[in-house]
Amino acid sequence: MQIEKFYYDNKIVKYFAYATIFWGLIGMLVGLLAALQLVWPSLSFDFAMTTFGRIRPVHTNAVIFAFVGNGIFMGVYYSLQRLSKARMYSDLLSYIHFWGWQFIIVLAAITLLLGYTTSKEYAELEWPIDILITIIWVVFGWNMFGTIIKRRTGHIYVAIWFYIATFVTVAVLHIVNSFEVPVSFWKSYSLYAGVQDALVQWWYGHNAVAFFLTTPYLGLMYYFLPKAANRPIYSYKLSIIHFWALIFIYIWAGPHHLLYTALPDWIQALGVTFSVMLIAPSWGGMLNGLLTLRGAWDKVREEPVLKFLVVAVTAYGLSTFEGPMMSLKSVNALTHFTDWTIAHVHIGALGWNGFLTFGILYWLIPKMFNIKLHSKKLANVHFWLGTLGILVYAIPLYWGAVTQTLMWKEFTPEGFLKYPNFLETVTQIIPMYHARIFGGVLYLVGVVLMIYNIAKTVKVGNFVADEATEAAAREVVSPKRMKGEGWHRWLERKPIQFMLLSMVAILIGGIIEIVPTYLIKSNIPTIASVKPYTPLELQGRDIYIREGCYTCHSQMIRPFRSETERYGEYSKAGEFVYDHPFLWGSKRTGPDLAREGVQTERNYKPDSWHYNHMLKPQSVSPNSIMPAYPWLIKNKLDISRTKKKIEVMQYLGVPYPEGYGDIANEDLKKQAEKIAANLKAGGIETTSDKEIIALIAYLQRLGTDIYNK
Amino acid sequence: MKDEKDINIEKDELTGDELIKGHDYDGIKELNNSLPKWWLWLFYITIIFAVVYLIRYEVMKTGDSQEEEYAKEMAIANMKLKSKRSSSLDETNVTRLTDKKSLEEGKKIYDKLCLVCHLSKGEGLVGPNLTDEYWIHGGSIGDIFKIIKVGNPSKGMISWKDQLTPKKIQQVSSFIMSLQGTNPPNAKAKEGKLYKPEN
């Protein structure tokens, strides 16, 4: 057999490693700012780009796609080359991938701060960036498959199975969820409306967690954990079963983000049951990780790398048990819309993704720089700070969530809400928000120590950009199954078939859940009195989207007495048929706004109240943590695109009269005049051409249609 | 025989488990362990749960849908509350309270629910000034009780009857009456008609 000499590309791994560290730091700092703003709203600085509604998407996107994203690529580029005994397929593709991805991140940060957003969580980026992401993702896949195809090894290892599943699924999710019709270069409307949009979005959102934060990291675990511990994988059989079960079942679980909403019952039921069935497949990964360490636990005690990996895998086990529990409707009724969800995702993000990344970095950097880590002791300090940070972050938030949800649901013996003023339930848990900040700071200090440690290591190290190695060329074997070869073993040497099969596995759930909402009319009963938004309201809605109001406000009243008492009639699927995109929200930092405009319901406020509230919330709601929006009062509403907006909506099937786009601005102005007159009667002098007017029009429309029977 | 087989099987030194032949990926080997029993059982149980759940709620429909759950919850609440909420106290027979304790209770309610629109001293902002002798809806205890109870939503004053018991409305009305003539600074201009108490 011929032995071939070749070189691993370590430089690209180094690039991705540095990007991981850099964006990790940025993402966490932005998160810290958001946490601070929830205690001191004045830290929004009365400045549009730094308000919570714009900062939060920057934080989530930076952590998911910039920190974890670069972390994935770092680990994949390192491990894939070694598992394939081959250099990456093309250096050019590697570097297009690297710089393309960084460019996307920078664009994302800028546009999100400017308020260019689709409002769909973790898919906020506007259509030009969506296209860029698709291109760069294909570059990544091309490079990866190229490498796999020219591998010198016979079979592909379980880590690569996970990489392949990640690649295909993320591609499918991203494309399906990003169908939108452009209004302009930085504005588009989702192809889907209301219930459908919500379903597609959370099918995507949930599986972004599954196939961006979970499966690629499981792949990394399967490589770096046995390498660092120098132990064999506990069970190959378990790898097979849990891999296929995981990717097949995961894709169905999205609707658990929409329990008790207007989503049809049967889809909710699928979300519940498939989430529960996910426990074992997820734990399969945890078990295979932890049991691989059998016989090496004494090493774990000494080696910070292994400590990080063990806590990461444990955090994974915790959150994959907690997730299915939160998917039970009775539990979800309590936890949804509260900080419980926030605590849950941070066990995942800080514990699983963060710690796995740190473990890999501490192992990888010294390896590539041919030197020992600068200080093991410092790494240990990082480990303890990080662990403590996670606990101090999550425990108070769990506590606060339980406190708040019980307050929302408590009735007096006379049958009135015990805490009718929503704000009371917020101020009650502010101390927990303080604690969360402290937890975040501890974690961040740990990261800073790591950066120092790595910088010191790198400085004296001796980097090998192209690592020389050799391996035998791949044996040529029959493409058919050989005698005694199991079918899975056969599949492991057929990467393309492997990819196709995983694609089939993930498409089944998606198709069964989503397609029927198109085909079966009865899934979304229509309501005759529900009408399209007026042009002014539509403009106001776009401001609501731009400012990220949905990051704090839900628009979805669930059928509970505690919610219909507080907010009014529960939300119906038919009310959202013209909502491109849907704006149900996922967190109630402020009260639900679904019936804000209904005069006979208890949350109704006159126009002048909204004006004062938006100008300075604390002037009408003392101790409110809502940020001020003074620029809405000053800015003139841009009505140059009203026509185009109406036309796009018509294209999407919203029944405006033909040619309405041409006269839309006339109606817009008339309605604006009325609101300005109302404000004047309330003692407020303003002109009718301001953004605030449109926003008020939208707020006053909310939830009113079904009352106009 | 047995020995021969054992020689063929490679074992992990630390645990004695069987290594799978030919599985070596960049030095990573794999053991031939079978699936942990309890794990498999966990998987089976969750699958059984799922099947039973889907059949119960979506096929047989013997479990309540969320609308049915809601209807039941409301029916129970209405039954329980009918007796508690029915009170003979209304705008026709309400009397002004002047004892310190009732006024303090009234102030508490006011600070929590009303201050946002009428401001802390009753000087008025979105809502009218409550300290002068001019009233849109009349200034007797019955008038005040009534506007708080039914509200005037189109003008921005909601109905409070679903949040306050008649007793509490009486307390806050009495508190508002106690603000008469306090002349707070920055009070809103008069609205409505001059009200002169009879007698």
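Residues numbered from 1 in each chain as written. Chains lettered and ligands numbered in written order. Predicted model: local features only at pLDDT ≥ 70, side-chain atom pairs only at ≥ 80, totals over all residues. Heavy atoms only, no water.

S.K.: Just give me the short version of the overall build of chain A, but keep the residues and values in it.
M.R.: The number of helices and strands found in chain A is 26 helices and four strands. The C-alpha radius of gyration computed for chain A amounts to 26 Å, which stays within 12% of the reference 27 Å derived for 709 residues, consistent with globular compactness. By residue count, 68% of the 709 residues in chain A fall in the buried class. Side chains of chain A give 64 positive and 49 negative charges; the mean places of these two sets differ by 10 Å. (Helix = DSSP H or I, 4+ residues; strand = E, 2+ residues; numbered from the N terminus. Rg over C-alpha atoms; globule rule 2.2 N^0.38 Å. Buried < 20%, exposed > 50% of the residue type's maximum accessible area, 1.4 Å probe, protein only. Lys, Arg positive; Asp, Glu negative; His and termini not counted. Charge placed at Lys NZ, Arg CZ, Asp CG, Glu CD.)

S.K.: Pulling in residues and values, what's your account of the overall build of chain B?
M.R.: Looking only at helices and strands, one finds six helices and four strands in chain B. Taken over C-alpha atoms, the radius of gyration comes to 36 Å for chain B, far larger than the 16 Å a tight globule of 199 residues would show. Across its three principal directions, the C-alpha atoms of chain B cover 120 × 45 × 35 Å. When the 199 residues of chain B are sorted by exposure, 37% land in the buried category. Considering only residue pairs separated by 6 or more positions, chain B has 60% of its internal contacts joining residues 24 or more positions apart. Looking at chain B as shown, the accessible area adds up to about 12500 Å², and 57% of this sits on carbon and sulfur atoms. The averaged location of the 30 negative side-chain charges in chain B is 14 Å from the averaged location of its 30 positive side-chain charges. (Contact = heavy atoms within 4.5 Å. Areas by Shrake-Rupley, 256 points an atom, 1.4 Å probe, with all protein chains shown as cover.)

S.K.: Tell me about the interface of chain B and chain A, and name the residues and values.
M.R.: Listed as interface residues are 57 residues of chain B and, on the opposing side, 71 residues of chain A. Here chain B packs against chain A, burying approximately 5700 Å² in sum over the two surfaces, 64% of which is carbon and sulfur. Three residues stand out in chain B for area buried against chain A, namely Tyr25(B), Asp26(B) and Gln66(B), and they jointly supply 13% of the buried area on that side. Between chain B and chain A we count five salt bridges in total. For Lys85(A), the salt bridge identified is with Asp26(B), shortest N-O distance 3.0 Å. (Buried area = accessible area lost by both parts, 1.4 Å probe. Salt bridge = Lys/Arg side-chain N within 4 Å of Asp/Glu carboxyl O.)

S.K.: Give me helix H26 (residues 691-701) of chain A: which residues, what numbers.
M.R.: Given 3.6 residues per turn, any residue in an α-helix points the same way as the ones three and four places further on. Residue and element names in this part refer to chain A. Across the eleven residues that make up H26, a large majority, eleven, are buried. Every buried residue of H26 is accounted for by Glu691, Ile692, Ile693, Ala694, Leu695, Ile696, Ala697, Tyr698, Leu699, Gln700 and Arg701. Looking at the buried residues of H26, the elements they touch are helix H19 (535-546), helix H21 (607-615), helix H23 (630-634) and helix H25 (660-681). Within two residues after H26, Gly703 carries a phi angle of roughly 80°, on the positive side.

S.K.: Which residues make up the domain arrangement of chain A, and what are the values?
M.R.: Residues and elements named next belong to chain A. Taken domain by domain, chain A consists of domain 1 (3-461 + 495-513) and domain 2 (535-707). Each of domain 1 and domain 2 has a C-alpha centre, and these two points are 33 Å apart. Taken together, the 63 residues of domain 1 in the interface contact 57 residues of domain 2. For the pair domain 1 and domain 2, the summed buried surface comes to about 4900 Å²; carbon and sulfur atoms form 66% of the total. Of all residues in domain 1, the largest losses of buried area upon contact with domain 2 belong to Tyr189, Phe337 and Phe422, amounting jointly to 16% of the total for that side. Between Lys187 and Asp542 there is a salt bridge, and its shortest N-O distance comes to 3.2 Å. The interface formed by domain 1 and domain 2 contains 13 residue pairs in polar contact (both at pLDDT 80 or more). Considering every element that reaches the side of domain 1 that touches domain 2, the biggest residue donor is helix H6 (residues 194-229), with six residues. Its residues assigned to classes, the side of domain 1 that touches domain 2 shows 35 nonpolar, 19 polar and nine charged. (Domains from an automatic or database assignment. Polar contact = N/O pair within 3.5 Å; in protein donor to acceptor, adjacent residues only side chain to side chain. Nonpolar A, V, L, I, M, F, W, Y, C, P; charged D, E, K, R; others polar.)

S.K.: How would you summarise the packing of helix H11 (residues 304-326) of chain A against helix H14 (residues 376-409) of chain A if you had to cite specific residues and measurements?
M.R.: Residues and elements named next belong to chain A. The N-to-C vectors of H11 and H14 enclose an angle of 15°; their axes lie 9 Å apart at closest approach. By the angle class used here, H11 and H14 are roughly parallel. H14 is crossed by H11, and the crossing has left-handed handedness. Counted together, Pro304, Lys307, Phe308, Val311 and Glu322 of H11 and Lys376, Ala379, Asn380, His382, Phe383, Trp384 and Tyr398 of H14 form the full contact between these two elements. Among the residues making up the contact of H11 with H14, the classes are represented as seven nonpolar, two polar and three charged. (Axes fitted to C-alpha atoms, helices over the stretch in contact; angles between N-to-C directions. Parallel < 35°, antiparallel > 145°, perpendicular 65-115°, else oblique. Left-handed = near helix turned anticlockwise from the far one by under 90°.)

S.K.: Explain the packing of H19(A) against helix H24 (residues 642-651) of chain A to me, and be specific about the residues and the numbers.
M.R.: All names here are of chain A. Interhelical geometry of H19 versus H24 gives an angle of 90° and a closest axis separation of 11 Å. If you check the angle between H19 and H24, you find them roughly perpendicular. Residues Pro535, Leu538, Gln539 and Asp542 of H19 form the contact with H24, whose participating residues are Thr642, Lys645, Ile646 and Met649.

S.K.: Residue-level account of the environment of Asn370(A), with values.
M.R.: All names here are of chain A. Position of Asn370 among the secondary structure elements: in the loop between helix H13 (339-368) and H14. On the accessibility criterion, Asn370 (55% relative accessible area) is exposed. Placed 260 residues apart in sequence, Asn370 and Pro630 show a C-alpha to C-alpha distance of 56 Å. With near-sequence residues (within four places) excluded, Asn370 lies in contact with Asn462 and Val464.

S.K.: How would you explain the packing of aromatic side chains if you had to name every residue and give the values?
M.R.: Within the structure shown, the criterion is met by 69 aromatic pairs over all chains. Pairing Phe49(B) with Tyr53(B) gives two aromatic rings, centres 5.7 Å apart and planes at 40°, and the pair type is tilted. Of the two residues, Phe49(B) and Tyr53(B) are both situated in helix H2 (residues 37-59); the distance of four residues between them amounts to about one turn of the helix. Residue classification places Tyr53(B) among the buried residues on the basis of a relative accessible area of 14%. Above the face of the Tyr260(A) ring, Lys329(A) is positioned so that its terminal group lies 4.6 Å from the ring centre. Note that Arg561(A) overlies the ring of Phe411(A), its terminal NZ or CZ placed 3.6 Å from the centroid. (Phe/Tyr/Trp six-rings, centres within 6.5 Å; stacked < 30°, edge-to-face > 60°. Lys NZ or Arg CZ within 6 Å of the ring centre and 35° of its normal.)

S.K.: Can you tell me about a negative patch on the surface, naming the residues and giving the values?
M.R.: A cluster of like negative charges, contributed by Glu67(B), Glu68(B), Glu69(B) and Glu73(B), occupies part of the molecular surface. Along the chain, Glu69(B) falls in helix H3 (residues 66-85). (Patch = residues over 30% accessible without salt bridge, like charges linked within 9 Å, V, L, I, M, F, W, Y side chains within 5 Å.)

S.K.: Which residues make up the nonpolar core, and what are the values?
M.R.: Burial of nonpolar side chains together is a common tendency in soluble globular proteins. Residues and elements named next belong to chain A. Ranked by internal contacts, the top residues of the largest apolar core, which has 193 residues, are Trp101 and Phe358. In terms of residue count, H6 provides more of this core than any other element does, 22 residues in total. Two domains each put at least three residues into this core: domain 1 (3-461 + 495-513) and domain 2 (535-707). Sequence-distant contacts of Phe358, that is, excluding residues within four places in its chain, are made with Met28, Phe67, Phe308, His382, Tyr443, Val447 and Met450. (Core = buried A, V, L, I, M, F, W, Y, C linked by side-chain atoms within 4.5 Å.)

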